[in-house]
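What follows is the residue order along each chain.
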Amino acid sequence: MFLGWIESYAAIGVTIAIATGAAMVFLILAHTIGPKRRGPVKDSPYESGMPVLMDTHRRFNVRFYIVAILFLLFDVEIIFLWPWSRLFHHVATTGATIPLENGGVAGKEYLVVGMGMFFLMLVFGLIYEWKKGAFRWD
Amino acid sequence: MTEFLTSQFGVSIILAGVVFGILQGAVAYCIYFERKIAAWIQDRCGPNRVGPAGLLQPLADGGKMILKEDVIPGHVDKNLFVLAPAIMFIVAFVGFAAIPWGGQLELGGKLVSIQVASPDIGLLYILGVASMGIYGVVLGGWSSNNKYSLFGAIRATAQMLSYEIPMGLCILVIVLTVGAIRLEDIVLPQTAYWSDVIPKWNVFLHPLAFIVLFVTMLAEANRTPFDLAEAEQELVGGFHTEYSALKFGMFFLAEYASMITSSALLAVLFLGGWHLPWIPWAQPEATGIAAVIVKMLVMGGKIAGSLFVMMWLRWTLPRFRFDQLMRLAWGGLIPFTLGLFVLTVGLLYFDKHQSPLWTLGGNAVVLVLTLAVAGLSRRDVTGRPASLPSLEGRSLTHGRLAGDVS
């Protein structure tokens, strides 16, 4: 049985240390064992044998940026759903109440309405982006 | 000393080492079985020269990878180039820490969990660690200074980002059903039974979320049919084109290790983890050493089954096109999983979240609604550029003209 949170995180730390150690050993092995024969051909990028034309780090398609931005929006929204889900399960199954600022208490209806508003915005955003053509890749 | 070794922290540390070792071996043999399964599907022999039935092939491959020249080409950004495989490797092997492998073991009169760590945020921890893997891919592709690597890395990033959203929503369906984020607490309710016969595995409550989670895991692991990041015909090796010797091997190990993590997560969330109905050793009450071994074997069996399906799919399905991939994520899986989420909230509101009749009925409703919407919007799903001649009056299916030969 785990008694405290600290031993869990200490054990995770040990795991990270083991994995990091193994990765270091692998990198050092790769660096030390094995021949070292360099040449101009090995030093050039492998692009199917064609002479290298342009610099690699040029502009690329803007749609990848759009995907990244949309991911940021959606993932932040979904992270918000995590604590809400845990709380909603607690309130819905045990009938617990949430104290409000005006002194009253609220039940599961309060949580559903609040999340409903948020969720509608999320869905509206998705539909808007779809209609705007943010996901058109053809 | 023995007091430390029988305490939870001591067991955790021993387990961290043992699990790491077992996984190294398991990953090496995953590659062997992948080749054997490929051979079986394509009616070949597969590796059969090194050792009996080729069983020593992974060792030979490992030795060869160590002895080969580790080329660091002159044009790369050297620090990031070396860092990328290390990040991939570390991240792939850290996610295991939160997986419950075998319930609890009675040791010196106390119960200890067969689990390296049990953080309260277990699921979030695994999700967070899994998404860190993107850094290895991006840094590897960017620092290689090779167009194939860069394109592979960009594709992989866009794909992994997109599929993380439906993945999170599928897991939220289970969080809503079970009400726990710690992985042990997700396994335990699944060890009960409906009318003493059928185990309360979540897959019987939410089969659609199970399937979607499996699909998103394929995409996260860059497996076929989502392996656009390393599409050999287009991008040579994708983000690891410039890597050789043991650094290439580290990418390979990391890929298979993350497949095993996601399979373990799938087993914990939907298939009851180490639980197997009617077997007395695979019940939560059994805490002997034999019970722990049986539970670990059950867990291993479930992981192996999931891995087999992944390998089977690799040699069965063709690869997606990138626009199809993105449309599947944003236009298909995200609205679909949002629907599943709403369904689960509704079931929980009316206290029907543990009744299979209601959840399965709800799943059917969501599926029918999705299919109806998909059917109605089919004309939009052709992918024909506007610059080509109009197809007015001709019906289209999957980007091809109806009636076209070939």
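For the structure itself, consult the block above.
None of the values given here were measured: they were computed from a predicted structure.

Engineer: Explain a nonpolar patch on the surface here, please?
Structural biologist: Where nonpolar side chains cluster on the molecular surface, the patch consists of Trp5, Ile6 and Tyr9 of chain A together with Ile121 and Leu124 of chain B and spans about 510 Å² of accessible area. It is helix α1 (residues 5-32) of chain A that provides the largest number of residues to the nonpolar patch, a total of 3 residues. Residue position: Ile6 of chain A is located in helix α1. With relative accessibility at 55%, the residue Ile6 of chain A sits in the exposed group.

Engineer: I'm lost on the interface of chain A and chain B in this one. Help?
Structural biologist: Interface size, as often reported, equals the accessible area lost upon joining of the parts. The interface is formed by 70 residues belonging to chain A together with 88 residues belonging to chain B. Summed over both partners, the interface of chain A with chain B comes to about 6,900 Å²; 74% of that surface belongs to carbon and sulfur atoms. Our enumeration of links across chain A and chain B arrives at 0 salt bridges. Counting the contacts that link chain A with chain B gives 6 residue pairs in polar contact (both at pLDDT 80 or more). Mapped by element, the contributors of at least two residues to the side of chain A that touches chain B are α1, α2 (40-43), α3 (62-94) and α4 (108-132) of chain A. Element by element, the count of residues in the side of chain A that touches chain B is highest for α1 of chain A, at 19 residues. Among the residues making up the side of chain A that touches chain B, the classes are represented as 44 nonpolar, 12 polar and 14 charged.

Engineer: What is the right way to read the nonpolar core from this model?
Structural biologist: Among soluble globular proteins, nonpolar side chains are generally buried collectively. Ranked by size, the top nonpolar core spans 152 residues in total, and within it Phe93, Leu123, Ile171, Phe270 and Trp330 of chain B carry the most contacts. It is helix α6 (residues 147-178) of chain B that contributes the most residues to this core, 19 residues altogether.

Engineer: Got a minute to help me understand the pairing of strand β1 (residues 104-107) of chain B in this structure?
Structural biologist: On any regular strand, side chains alternate: one points to one face of the sheet, the next to the other face. All names here are of chain B. Relative to strand β2 (residues 110-113), β1 runs antiparallel, the two being bridged by 4 bridges. Note on β2: the bridge partner recorded for Leu105 is Val112. Counting the residues between successive antiparallel strands, the hairpin from β1 to β2 contains 2 residues, one of them, Gly108, with a positive phi of roughly 60°.

Definitions and limits used
Residues numbered from 1 in each chain as written. Chains lettered and ligands numbered in written order. Predicted model: local features only at pLDDT ≥ 70, side-chain atom pairs only at ≥ 80, totals over all residues. Heavy atoms only, no water. Patch = residues over 30% accessible without salt bridge, like charges linked within 9 Å, V, L, I, M, F, W, Y side chains within 5 Å. Areas by Shrake-Rupley, 256 points an atom, 1.4 Å probe, with all protein chains shown as cover. Salt bridge = Lys/Arg side-chain N within 4 Å of Asp/Glu carboxyl O. Helix = DSSP H or I, 4+ residues; strand = E, 2+ residues; numbered from the N terminus. Buried < 20%, exposed > 50% of the residue type's maximum accessible area, 1.4 Å probe, protein only. Contact = heavy atoms within 4.5 Å. Buried area = accessible area lost by both parts, 1.4 Å probe. Polar contact = N/O pair within 3.5 Å; in protein donor to acceptor, adjacent residues only side chain to side chain. Nonpolar A, V, L, I, M, F, W, Y, C, P; charged D, E, K, R; others polar. Core = buried A, V, L, I, M, F, W, Y, C linked by side-chain atoms within 4.5 Å. Pairing = 2+ DSSP bridges.

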